[in-house]
Amino acid sequence: VKVWGAVVPWLNKMASSAYNGESCFGLFACFPCNPGPEDLPVEEDDHSLLERFKGRLVDGIKVTKFSKKAPPALMTMTLDEEGRNIKFDGGEEDPECEDVPVTELGVRRATDPDPEVKHFAGSKVLRDNLDPSQAMKAFILEGPNKRTINLKVEEESDADKIIYGYKLLIKEGKGGL
């Protein structure tokens, strides 16, 4: 009981200082003491998300590309100035890395079913080259003539943004956004 008698007043002091605008510490260090509008999440519509994604693509997004015959390669994925083709800087010798028109592009997660082998996820290339713990960082771009481009980024959150950005870009390219 004496321990709680010592801890509770200290906790009460921390809690009261957090609500009085004083600096936080201890249990309250992970949370804003006086949250303001800048601390709240901002929701964006699809058009602004698409524009931001296009900007990232024009600047270039670093990806690791996996191939059937070559070792994993670091490349930069870009969108041309007209916004019509996806390009891969660093993959000039790789036939899978030829420019892909946005209108002929598809995208899927590495955790989505493989259209070639329904009871497996991703693609054969990713299953052969990627540890399953990394699957949430990977995705597949599908081009014309069953061409697949197997890619991975550094963070799962980046993969989510890129996949959603591609879905919006493809939708816009087909006149649906």
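Our structure's up above, just so we're on the same page.
The structure reproduced in this document is the subject of the present report. Quick caveat, the model's predicted, so the values are computed rather than measured.

## Quick look at the pattern of salt bridges
Alright, step 1. Scanning all chains against the criterion turns up nine salt bridges.
Alright, step 2. Across the pair Arg-109 and Asp-160 runs a salt bridge, and its minimum N-O distance is 2.9 Å. Taken together, the positions of Arg-109 in strand β5 (residues 106-109) and Asp-160 in helix α4 (residues 156-173) put the pair 51 residues apart, joining distant regions of the chain.
Alright, step 3. Classification of Arg-109 as partly exposed rests on a relative accessible area of 24%.
Alright, step 4. Among the salt bridges present, the one from Asp-128 reaches Lys-124, with a minimum N-O distance of 2.9 Å. Here Asp-128 and its partner Lys-124 are both found in helix α3 (residues 124-129), four residues apart, which amounts to about one turn of the helix.

## Observations concerning α4
Alright, step 1. With 18 residues, α4 ought to run about 26 Å at 1.5 Å a step, and its terminal C-alpha atoms sit 25 Å apart, in line with that.
Alright, step 2. Tucked into the core, α4 has its buried residues touching α2 (46-59), β1 (61-66), β2 (73-79), β3 (85-89), β5 and β6 (138-142).
Alright, step 3. Trailing α4 by a residue or two, Gly-175 shows a phi angle of about 80°, which is positive.

## A look at the nonpolar core
Alright, step 1. Core analysis: the biggest nonpolar cluster contains 27 residues, and Met-77, Ile-86, Phe-139, Leu-141 and Tyr-166 have the highest contact counts within it.
Alright, step 2. Going through the elements one at a time, α2, β1, β2, β3, β6, β7 (148-152) and α4 are the ones with two or more residues in this core.
Alright, step 3. Per-element accounting of this core gives the leading share, seven residues, to α4.
Alright, step 4. Counting residues in each nonpolar core, the second largest holds seven residues, with Phe-66, Ala-110, Val-125 and Leu-126 among its members.

## Let's talk about the packing of aromatic side chains
Alright, step 1. Applying the stated criterion across every chain yields a total of two aromatic pairs.
Alright, step 2. With a centroid separation of 5.2 Å and an interplanar angle of 70°, the aromatic rings of Phe-53 and Tyr-166 are classed as edge-to-face. Of the two residues, Phe-53 is situated in helix α2 and Tyr-166 in helix α4; the sequence distance between them amounts to 113 residues.
Alright, step 3. Take Phe-53: its relative accessible area is 4%, and that puts it in the buried class.
Alright, step 4. For Tyr-166, a relative accessible area of 0% puts it in the buried group.
Alright, step 5. Here Phe-139 and Tyr-166 contribute two aromatic rings whose centre-to-centre distance is 6.5 Å and whose plane-to-plane angle is 45°, an arrangement assigned as tilted. Of this pair, Phe-139 sits in strand β6 while Tyr-166 sits in helix α4, and the two are 27 residues apart along the sequence. When sorted by exposure, Phe-139 lands in the same class as Tyr-166, which is buried.
Alright, step 6. Aromatic rings pair up to connect Phe-53, Phe-139 and Tyr-166 into one cluster.

Conventions used here
Residues numbered from 1 in each chain as written. Predicted model: local features only at pLDDT ≥ 70, side-chain atom pairs only at ≥ 80, totals over all residues. Heavy atoms only, no water. Salt bridge = Lys/Arg side-chain N within 4 Å of Asp/Glu carboxyl O. Helix = DSSP H or I, 4+ residues; strand = E, 2+ residues; numbered from the N terminus. Buried < 20%, exposed > 50% of the residue type's maximum accessible area, 1.4 Å probe, protein only. Expected span 1.5 Å × (residues − 1). Contact = heavy atoms within 4.5 Å. Core = buried A, V, L, I, M, F, W, Y, C linked by side-chain atoms within 4.5 Å. Phe/Tyr/Trp six-rings, centres within 6.5 Å; stacked < 30°, edge-to-face > 60°.

Don't take any of this as a statement about function, it's just geometry.
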